[in-house]
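Examination of the molecular architecture
Listed below, chain by chain, are the residues.
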Amino acid sequence: HIHQVIKGCLRSVEQAAKEGGIHLTADIPEGLPTFDADLRSVHQIVLNLLSNAVKFTNYAGRIELTAEALDHLMIIKVKDTGVGIPPESLEDITKPFAQSHSDPHMTQEGTGLGLSIVASLVAAHDGTLDIQSEIDQGTTVTVSFPL
């Protein structure tokens, strides 16, 4: 049940978002189908995506989490109004230890493993990961799992 996963992940990042002045919303319609997946893995995927969004979204920014079932897929999106990922970094951003910004004023704490873990867990579920980003406009990460 994706509702339970998302509720738990939202609770985990709510305080950090609030402290950062970030408006966090979730649009999860009632009646979404269940799907077969490892609960801990899906939780880790959503939590990593939300944590990254909070980390790279400036004060008064927005993060939107959505989920929908479409064409035999469970689609989860995390969209933020953060700093964005440089185009030259998008190809390598899911590799272990990759960080999108080399500017020490912009680089945040972290190991650079978050999106690498997400990519591996999504692949283990025969899912897909898509990252769209524009500098100073934000990032949208879409994860699709087969129902």
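The following refers to the structure shown. (Residues numbered from 1 in each chain as written. Predicted model: local features only at pLDDT ≥ 70, side-chain atom pairs only at ≥ 80, totals over all residues. Heavy atoms only, no water.)

1. Comments concerning the side chain of Thr139
Tracing the backbone shows Thr139 in strand β5 (residues 138-146). When near neighbours in sequence (up to four residues on either side) are disregarded, Thr139 contacts Val78, Lys79, Asp80, Gly84, Ile85, Ile131, Gln132 and Ser133. (Helix = DSSP H or I, 4+ residues; strand = E, 2+ residues; numbered from the N terminus. Contact = heavy atoms within 4.5 Å.)

2. Section: unusual backbone geometry
The bulk of non-glycine residues show a negative phi, and the bulk of peptide bonds are trans. A positive phi is found at Asp71, a non-glycine position, where the angle reads about 50 degrees. On the basis of relative accessibility, which here comes to 64%, the residue Asp71 falls in the exposed class. If you check the backbone angles, His72 has positive phi at about 65 degrees while not being a glycine. As for its position among the elements, His72 is in the loop between β2 (62-70) and β3 (73-80). (Buried < 20%, exposed > 50% of the residue type's maximum accessible area, 1.4 Å probe, protein only.)

3. Notes on the nonpolar core
Core analysis: the biggest nonpolar cluster contains 34 residues, and Ile2, Leu49, Leu50, Ile76 and Phe145 have the highest contact counts within it. Mapped by element, the contributors of at least two residues to this core are α1 (2-19), α2 (39-55), β2, β3, α4 (114-124) and β5. Ranked by residues supplied to this core, first place goes to α2 with eight residues. Residues in contact with Ile2, not counting those within four places in the same chain, are Ile28, Leu32, Phe35, Val42, Met74 and Ile76. (Core = buried A, V, L, I, M, F, W, Y, C linked by side-chain atoms within 4.5 Å.)

4. As for the sheet that holds β5
Taken in spatial order, the five strands line up as β1-β2-β3-β5-β4 in an open sheet, and their pairing is mixed. With one partner strand each, in any of the chains shown, β1 (23-27) and β4 (128-134) form the two edges of the open sheet. Looking at each pair of strands side by side, their axes are set apart by 10 degrees on average, direction ignored. Note: β3 against β5, seven bridges, orientation antiparallel. When the sheet's bridge partners are listed, Lys79 is paired in β5 with Thr140. (Pairing = 2+ DSSP bridges. Axes fitted to C-alpha atoms, helices over the stretch in contact; angles between N-to-C directions.)

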